[in-house]
Each structure stands twice: as structure tokens, then as C-alpha cells.
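Chains, contacts and geometry: an overview
This is what each chain is made of:
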Amino acid sequence: MFAIGDTLFLEPAVSDHGMRYKCKVMELSDEQIYIDYPFNEKTGKMEFFMNGTAFKATFYHNDQNVYMFHTKLCGRKIDRIPLLAIHYPVENSLVKLQRRQFIRIETMLDIAVHPLEELSSFDPFTSVTSDISAGGLRIVLQEGHPLQEGMQVLCGVVLPMRTGAIHYLKAECRVLRILHDGEREKASVHFENLGEAAQQNLVRYCFEQQLAEKKKLLNE
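Notes on the structure in this doc start here. Remember, predicted model here, so these are calculated numbers, not experimental data.

Focus on the packing of aromatic side chains
- This structure, assessed with the given rule, holds 6 aromatic pairs.
- Summarising the aromatic geometry, the rings of Phe59 and Tyr67 are spaced 5.7 Å apart at their centres and angled 20° between planes, so their arrangement reads as stacked. Across the pair, exposure class does not vary: Phe59 and Tyr67 are buried alike.
- Both rings, one in Phe122 and one in Phe125, keep their centres 6.0 Å apart while their planes meet at 45°; by these two values the pair is tilted.
- Among the aromatic residues, ring-to-ring pairing joins Tyr21, Phe49 and Phe55 into one connected group.
- The ring of Tyr34 carries the charged tip of Lys77 above its face, separated from the ring centre by 4.8 Å.

Structure (C-alpha cells):
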């Protein structure tokens, strides 16, 4: 289920501040996961927790799903570096949150588009997205835009996370379709080369937006 070097994201179960902490799996046993000291994604500072602190933990499995489980801090260990021990989850306690390819979020994000091919060179331009998923996005286009179907481009997108952290996503993309949507055209693009870290940030952003939309609907 886990491997040394995997990334875990921890959220204190009783906190209402929306803080999230990032750590790595350093050692494994039958009952415990040993992690390095978590750091706050917003401040970048290392965080210290008391034994017994309960967490909601999420991680990204190699089957391309996001999983969540509940755990708590159960001890400490000094090895080459100080480590924390959290309870290893029972496999049937894992909750699959969502498959990457099914999460498409309507959101307006700043995007910069650059050419990748000399034959299709154009002046870089900025715009906004209309939606995004871990597989691709749609760009709102201005009149006279240079994009054509099949063109390869480099897209840079700003991802503002719920914690206040900002991630900058850069990805090689292929223009799949130019869509005529009312008065504006949109380009549907597919990510060609997206690294694992970028995928994780994108999946997390989509999931956070999905949760926020559900909460909004429940409060209406």
C-alpha cells in the first residue's frame, strides 16, 4: 500500500483552520508508518504535534486514485533523523476519494500560453481557464488567437490552494479541439508531460474545489 518516499498530507481532525501538513514515509512496520516531521504547506515551517493527535491523511496511490484514512500520532523515534510514528491503516478502512480522470472543475485560473514548436511559433499570451482536470483544461480565447487543433504548447497555470499556498503548474500540452461556445472560443488542451508532483498538486486543487462546491450547495 505504501512505499518509502511516498508523500502523505495530514490535516488535524479537530482543527477548523484548514491547515494541511506535508511529510514523507521514511520507514514502515506492520502497525506503524514512520514519517519525517510534517511542515505547514502555507508557511513552510516544521510543525510539532502531541502524541494522540488525530489526523485525516490523504495520499496518491499508483493506481491513480486518491485515498484517505484516519490515523493518530502514536510515538516518536530517533534514527538518522527524528521520526514520528502514526498508526498504519487497516486496508478496508481506506476511502477512495475520486479517480483523477473524473474530476473536472469549473474554475477561472490565470494561464500563460507559449509555443513549443518552431513551425507554429507565436507570441506568448495570457488568458484564463474555464475548467480544469488532472487530464487537461480549457482556455478562454480572445479574437484572433493563434491556436490550432493539434498544436503543441506550453501552459503555465497558477493554482491557489485552500491552505493559502500557491503552486505554479507548467506542462506541455496538445490542443485537442477549438470549441465555439457562445461569443467566445475555447481551446480544449490535454496535458502531455505532467510530473508526479504537479499531478498531486492538481488533483488536490480539484478535490478542494469540489468539496467547497458541495459545502456551498449544502448551505444554500
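Text resumes after the structure shown.
Remarks on the pairing of strand 3 (residues 32–35)
- Alignment of strand 2 (residues 21–28) against strand 3, held across 3 bridges, turns out to be antiparallel. Within strand 3, the position partnered with Val25 by the bridge is Ile35.
- The hairpin turn running from strand 2 into strand 3, its antiparallel successor, is 3 residues long.
- Bridge analysis of strand 3 against strand 7 (residues 82–87) gives 4 bridges, and the strand direction is antiparallel. If you follow Gln32 over to strand 7, its bridge partner there is His87.

With respect to the nonpolar core
- Membership of the largest hydrophobic core comes to 37 residues, with the highest contact counts inside it found for Val113, Ile139, Leu147, Val153, Leu159 and Leu202.
- Sorting the residues of this core by element identifies strand 10 (110–115), strand 11 (125–133), strand 12 (136–141), strand 13 (152–160), strand 14 (166–181), strand 15 (184–193) and helix 1 (196–219) as the ones contributing at least two each.
- Sequence-distant contacts of Val113, defined by excluding residues within four places in its chain, comprise Phe122, Pro124, Phe125, Ile139, Leu147, Val153, Leu154 and Cys155.
- Core analysis: the next-biggest nonpolar cluster, separate from the first, contains 19 residues, Cys23, Tyr67, Phe69 and Leu73 among them.

Quick look at a nonpolar patch on the surface
- On the surface, Phe39, Met46 and Phe48 cluster together into a nonpolar patch covering about 340 Å² of accessible area.
- Within the secondary structure, Phe39 is located in strand 4 (residues 39–40).
- Look at Phe39 and you get partly exposed, because its relative accessible area is 35%.

Describing the side chain of His167
- Looking at the element boundaries, His167 is found in strand 14.
- Sequence-distant contacts of His167, that is, excluding residues within four places in its chain, are made with Glu41, Val157, Val158, Leu159, Met161 and Asn201.

Remarks on the pattern of salt bridges
- This structure, assessed with the given rule, holds 6 salt bridges.
- A salt bridge links Arg204 to Glu11; the shortest N-O distance between them is 2.3 Å. Here Arg204, found in helix 1, pairs with Glu11, found in strand 1 (residues 7–12); they are 193 residues apart in sequence, far enough to count as distant.
- Taking relative accessible area as the criterion, Glu11 reaches 9% and is therefore assigned buried.
- For the salt bridge of Arg204 with Glu208, the shortest nitrogen-to-oxygen distance reads 3.3 Å. In this pair, Arg204 and Glu208 both sit in helix 1, 4 residues apart, roughly one turn of the helix.
- Taking the relative accessible area as the measure of exposure, Glu208 reaches 4% and is therefore buried.
- Among the ionic contacts, a cluster of salt bridges with common partners joins Glu11, Arg162, Arg204 and Glu208.

Scoring rules and cut-offs
Residues numbered from 1 in each chain as written. Predicted model: local features only at pLDDT ≥ 70, side-chain atom pairs only at ≥ 80, totals over all residues. Heavy atoms only, no water. Phe/Tyr/Trp six-rings, centres within 6.5 Å; stacked < 30°, edge-to-face > 60°. Buried < 20%, exposed > 50% of the residue type's maximum accessible area, 1.4 Å probe, protein only. Lys NZ or Arg CZ within 6 Å of the ring centre and 35° of its normal. Pairing = 2+ DSSP bridges. Helix = DSSP H or I, 4+ residues; strand = E, 2+ residues; numbered from the N terminus. Core = buried A, V, L, I, M, F, W, Y, C linked by side-chain atoms within 4.5 Å. Contact = heavy atoms within 4.5 Å. Patch = residues over 30% accessible without salt bridge, like charges linked within 9 Å, V, L, I, M, F, W, Y side chains within 5 Å. Areas by Shrake-Rupley, 256 points an atom, 1.4 Å probe, with all protein chains shown as cover. Salt bridge = Lys/Arg side-chain N within 4 Å of Asp/Glu carboxyl O.

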